[in-house]
Amino acid sequence: MKPGIFETLSAPSKSIQLADTGSSLISGTDVTVKLPGLPIKYLYHGWQSWSLTAWVDLNRPLKIMRPGIMNPGQTDPEFLHDLRPNGSWYGAVELEDGKIAFLGALGLDAHVALEGGKLKGRYAGGNGDWLACLGDESDIFNEYATRLKERFGSGRSSHPMRVWCSWYSLYTEIDQERLLKVLSDLDGLPGVDGKDKLFDIFQIDDGWQQDIGDWEPNAKFLGGMDGMAARIKDRGRVAGLWLAPLVVSPSSNLFRRHQEWLLRDQHGKLVSAGFNWGRRVFALDTTHPDVQAWLANLMQKVRRWGYDYIKLDFLYGGALPGRRHVDKTREAAYREGLQVIRKALGEAYFLACGAPLIPSIGLCDGMRVGPDVASQWDDPFYRDILRNFAAPGAVNALRTSLNRLWMQPLFQTDPDVVYFGQKHNFLTEEQRAILQNLAQVSGFIATSDIPNWLTDAEKHNMVKFIKSSSRVEKLGKYRYRIDGKEVDFSSFIEMPPLPGALSDIIGSYLDLAANVRFPVKIVDMVSRGSLKKYLKNNPV
Ligand code: 9PG
């Protein structure tokens, strides 16, 4: 990017006019950027891994996602009711002439919105630095990434990841026997030998723990988590483990024993960290010295068990709005917690998930950059009735992940898993291939496919894909050349048109129903029951 005018004046409130292509550094609590033309699209940037990040036409406003009970786990609750086009840390508009105007924070606690034809940025905690640019989108994001890296550093790993993760086939129905069976079947895949294990990492996801907060193995892992790590390493793979260390379930011992560790609002009420595992969850106050000591101990314990790849999930819990033991911005509080975690993890690979993006830079090695994929392409119920684009689904994952690939200089970008098998999967072959292409451009390849559920042809496809060289060249906004073949993702990730009034009425009733926890619990139990039944008829 061509250097522009560098504004060094520091003032709480600042206004600049973008006129020439180039970039400016500004300092201020509140900054206003006047645009040189009419904006037609806005780039919403979601707060954490799963939150929507997309270019949206200004005549297609985004609505609050449903159900409300899930909001704290899917978007930034602080700006939930902000009706302006807005987003976390940065915002950009596409102007009529195709140029991009951009305002991005180089600090932790900022938010940007489009108001009255101007980009307005604000730091919650006082003065901070901003980058304002006009020009070509990829030039702008290259510069933004460079400047963020200068301030916050970057992850430490650059070689492509090849991960087997238990979540997207077994979900919480994991146990010792099932996982060991998969581990041994992976070695039976064609092309696996002493030199190439195909998957370098075998990662155990949610389902091993006693409770959210009680990070000890449950009765399905009687050999202990150290025992599992040893078996994984015996097979020549890095052992990986999932935890959600910053959220707490009310059913846990941690919740009962340490009420003073929990994040509360100004009225002393517990802050909701959303709804998952069929229940509401709460968050830890990462500024509390005892919480920090507990986090360090937990990470050291997991390392002692033998895990060298750690997926830490639901991390947004540490950055929710609330009153803390030490008064600082929520992002600074989160980053302090993450620093403790990073230190205690030592040399382990740290994959952040459900994590606020900018405040995690320099502390994690990999970052989930979109919502969960699912074995279906696009769910009309989530799209039109709940208008929820952070919900699991292939299109939702594609859309947000692709808009975050500019962050590759800052951490490895995990777009979530790909699928090779047709069993228990509703994606067409073409749709599976699109997700595979996304993994190639992201440089992060993961799957949850069960070898025993794959046909011989599917096994060969999997092996061929993982062993392919994946030479990637960026050709355009969403256009790439992968191993000589051109792939254009553009048509898949457009925001769908706003649904009609009927969808909206149904949606608002369902939203009310979802806030009554009982029916949601039933839905949760039914889906668990159907997976259990499936696994009984289709052993791994
Ligand atoms: C384990 C899973 C997997 C998965 C993670 C995360 O409520 N939500 O919006 C919601 C979003 C994602 C999610 C769970 C709930 O999945 O992304 O890879 O580790 O947790 O529970």
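Here the structure is shown first, and the text comes after it.
Treat the numbers as computed from the prediction; the structure is a model and nothing was measured. Residue numbers run consecutively from 1 along every chain, following the written order of its sequence. In keeping with the model being predicted, local features are shown solely for residues with a pLDDT of at least 70 and side-chain atom pairs are shown and tallied solely at 80 or more, while totals for entire chains, interfaces and linings include all residues. Working from all heavy atoms in the structure, the side-chain values ignore hydrogens and water.

1. Some thoughts on the sheet that holds strand E1 (residues 13-17)
In this scheme, strands are said to pair when DSSP sees at least two bridges between them. Put simply, DSSP marks the helices as runs of H or I at least four residues long and the strands as runs of E at least two long, and each gets a number from the N terminus on. Pairing is mixed in the open sheet, where five strands are placed in the order E1-E3-E10-E9-E6. The open sheet terminates on both sides in strands that have one partner only, identified here as E1 and strand E6 (86-88). When strand polarity is set aside, the average angle formed by the axes of neighbouring strands in this sheet is 15°. When E6 meets strand E9 (residues 110-115), the two strands line up antiparallel, connected through three bridges. Counterpart to Ser88 in the pairing with E9 is His111. The axes are straight lines fitted to the C-alpha atoms, using for helices just the contacting stretch, and the angles between their N-to-C directions are given from 0 to 180°.

2. A look at the packing of helix H3 (residues 176-187) against helix H4 (residues 224-234)
For the pair H3 and H4, interaxial distance at closest approach is 11 Å and the crossing angle is 10°. For the element pair H3 / H4, the angle class is roughly parallel. Taking contact as the criterion, the partners of Gln176, Leu179, Leu180 and Leu183 in H3 are, on H4, Gly224, Met228, Arg231 and Ile232. By the convention adopted, Pro, Cys, Tyr, Trp, Phe, Met, Ile, Leu, Val and Ala count as nonpolar, Lys, Arg, Asp and Glu as charged, and the other residues, Gly among them, as polar. A per-class count over the contact of H3 with H4 returns five nonpolar, two polar and one charged. Every angle not falling under 35 degrees, over 145, or within 65 to 115 is termed oblique; those three ranges are roughly parallel, roughly antiparallel and roughly perpendicular. When checking whether two residues touch, look at their non-hydrogen atoms; a contact exists if any pair is within 4.5 Å.

3. A short note on the pattern of salt bridges
Side chains bearing opposite charge may pair, as long as their charged atoms lie close to each other. Any Lys or Arg side-chain nitrogen found within 4 Å of a carboxyl oxygen on Asp or Glu counts as a salt bridge. The tally for this structure, following the rule as stated, stands at 33 salt bridges. When salt bridges with common partners are traced through the structure, they connect Asp82, Arg84, Glu115 and Lys120 into a single cluster.

4. Structural notes on a nonpolar patch on the surface
Within this analysis, patches are made of residues with over 30% relative accessible area and no salt bridge. Like charges are joined at 9 Å or less; nonpolar side chains (Val, Leu, Ile, Met, Phe, Trp, Tyr) at 5 Å or less. For every accessible area listed, the method is Shrake-Rupley and the probe measures 1.4 Å; residues are considered covered only by the protein chains on display. Taken together, the side chains of Phe381, Leu502, Ile506 and Leu510 define a hydrophobic patch exposed on the protein surface, amounting to about 350 Å² of accessible area. Residue contributions to the nonpolar patch peak at three residues, all from helix H12 (residues 501-514). Tracing the sequence through the fold places Leu502 in helix H12. Three labels apply to residues, based on accessible area from a 1.4 Å probe with only protein chains included: buried if under 20% of the type maximum, exposed if over 50%, partly exposed otherwise in between. On the basis of relative accessible area, Leu502 is assigned to the exposed category, the value being 62%.

5. Focus on the nonpolar core
Judged by nonpolar contacts, the single largest core of 146 residues is most densely connected at Tyr144, Ile204, Trp208, Tyr307 and Phe489. Among the nonpolar cores identified, the runner-up in size contains 26 residues, and Ala54, Ala105, Tyr123 and Phe389 belong to it. To form a nonpolar core, buried Ala, Val, Leu, Ile, Met, Phe, Trp, Tyr and Cys residues must be joined to one another through side-chain atoms within 4.5 Å.

6. Structural notes on the pairing of strand E20 (residues 309-312)
Regular strands have side chains that alternate between both faces of the sheet. Because side chains alternate across E20, one face comprises the buried residues Tyr309 and Lys311, and the other comprises Ile310 and Leu312, equally buried. In the sheet, strand E16 (residues 238-243) pairs with E20 via four bridges, with the strands oriented parallel. What sits directly across from Leu243, in E20, is Leu312. Judged from the four bridges that link them, E20 and strand E21 (residues 349-352) form a sheet pairing that is parallel. By the bridge assignment for E21, Leu312 is matched with Ala352. Orient the strands so they point away from the viewer, and a crossover whose first-strand-to-second-strand path over the helix runs clockwise is right-handed. Taken together, E20, helix H7 (residues 330-345) and E21 constitute a β-α-β crossover, and its handedness is right-handed.

7. A look at the site of the ligand
Here, proximity means that at least one heavy atom of the residue falls within 4 Å of the molecule or strand. Within the structure, the ligand sits among 16 residues, and Tyr168, Asp205, Asp206, Lys311 and Asp372 are positioned closest to it. Polar contact is the term for a pair of N or O atoms within 3.5 Å; when the atoms are in protein, one must be able to donate a hydrogen and the other to accept it, and sequence-neighboring residues count only if both atoms are side-chain atoms. Trp50 has a polar side-chain atom sitting 3.2 Å from an oxygen atom of the ligand. Gln74 has a polar side-chain atom sitting 3.0 Å from an oxygen atom of the ligand. In the complex, the protein chains occlude 94% of the 460 Å² of accessible area that the ligand would expose alone. Each residue belonging to the shell around the ligand can be placed in one class, and the counts come to eight nonpolar, two polar and six charged.

8. Describing the sheet that holds strand E13 (residues 201-204)
In a beta sheet, neighbouring strands pair by backbone hydrogen bonds and run either parallel or antiparallel. With parallel pairing, eight strands are arranged side by side in an open sheet as E23-E22-E21-E20-E16-E13-E12-E24. Because the sheet does not close on itself, it has two edges, and the strands there are strand E23 (412-414) and strand E24 (444-447). Taking each pair of neighbouring strands and ignoring which way they run, the sheet shows an average axis angle of 25°.

9. Brief notes about unusual backbone geometry
Cis geometry marks the peptide bond from Arg66 to Pro67; its omega dihedral reads -10°. With respect to the helices and strands, the residue Pro67 is situated in the loop between strand E5 (54-57) and E6. Backbone geometry places Leu198, a non-glycine residue, at a positive phi of 70°. Within the fold, Leu198 resides in the loop between H3 and E13.

10. Re helix H6 (residues 289-305)
A rise of 1.5 Å per residue sets the reference length of H6, with its 17 residues, at 24 Å; its end C-alpha atoms lie 24 Å apart and thus fit the reference within 8%. Listed in full, the buried residues belonging to H6 are Val291, Gln292, Trp294, Leu295, Ala296, Leu298, Met299, Lys301, Val302 and Trp305. Multiplying 1.5 Å by the helix residue count minus one yields the expected span of that helix.

11. A look at the side chain of Thr53
Here Thr53 lies in the loop between strand E4 (39-44) and E5. Look at Thr53 and you get buried, because its relative accessible area is 0%. Within the structure, the side chain of Thr53 is placed 3.1 Å from the side chain of Arg404, a separation counted as a polar contact. Discounting residues that sit within four places of it in the chain, Thr53 has contacts with Leu43, Tyr44, His45, Gly46, Tyr90, Arg399, Thr400, Asn403 and Arg404.

12. Some points on helix H1 (residues 137-152)
The end-to-end C-alpha distance of H1, which contains 16 residues, comes to 22 Å, matching closely the 22 Å that a straight helix rising 1.5 Å per residue would cover. Residues of H1 that are buried include every one of Glu137, Ile140, Phe141, Glu143, Tyr144, Ala145, Arg147, Leu148 and Phe152, and no others. Gly153, located one to two residues past H1, shows a positive phi value of around 85°.

13. Looking at the environment of Arg330
Along the chain, Arg330 turns up in helix H7. Residues Arg330 and Asp234 lie 96 residues apart in sequence; the distance between their C-alpha atoms is 42 Å. The contacts of Arg330, once residues within four sequence positions are left out, are Trp47, Asp76, Glu78, Phe79, Gly318, Ala319, Leu320, Pro321 and Arg324. Polar side-chain contacts of Arg330 include one of 2.8 Å to the side chain of Asp76. Within the structure, Arg330 has its side chain in polar contact with the backbone oxygen of Ala319 (distance 3.2 Å).

14. What about the environment of Tyr168?
With respect to the helices and strands, Tyr168 occurs in helix H2 (residues 167-170). Placed 206 residues apart in sequence, Tyr168 and Ala374 show a C-alpha to C-alpha distance of 7.4 Å. When neighbours within four sequence positions are excluded, Tyr168 is seen to be in contact with Arg368, Asp372, Val373, Asp416, Val417, Tyr419 and Ser448.

15. Considering the side chain of Thr400
Structurally, Thr400 can be placed in helix H9 (residues 394-402). One polar contact links the side chain of Thr400 to the main-chain amide nitrogen of Thr53, over a distance of 3.1 Å. Leaving out residues up to four positions away in the same chain, Thr400 has contacts with Ser49, Ser51, Leu52, Thr53, Val369, Gly370 and Pro371.

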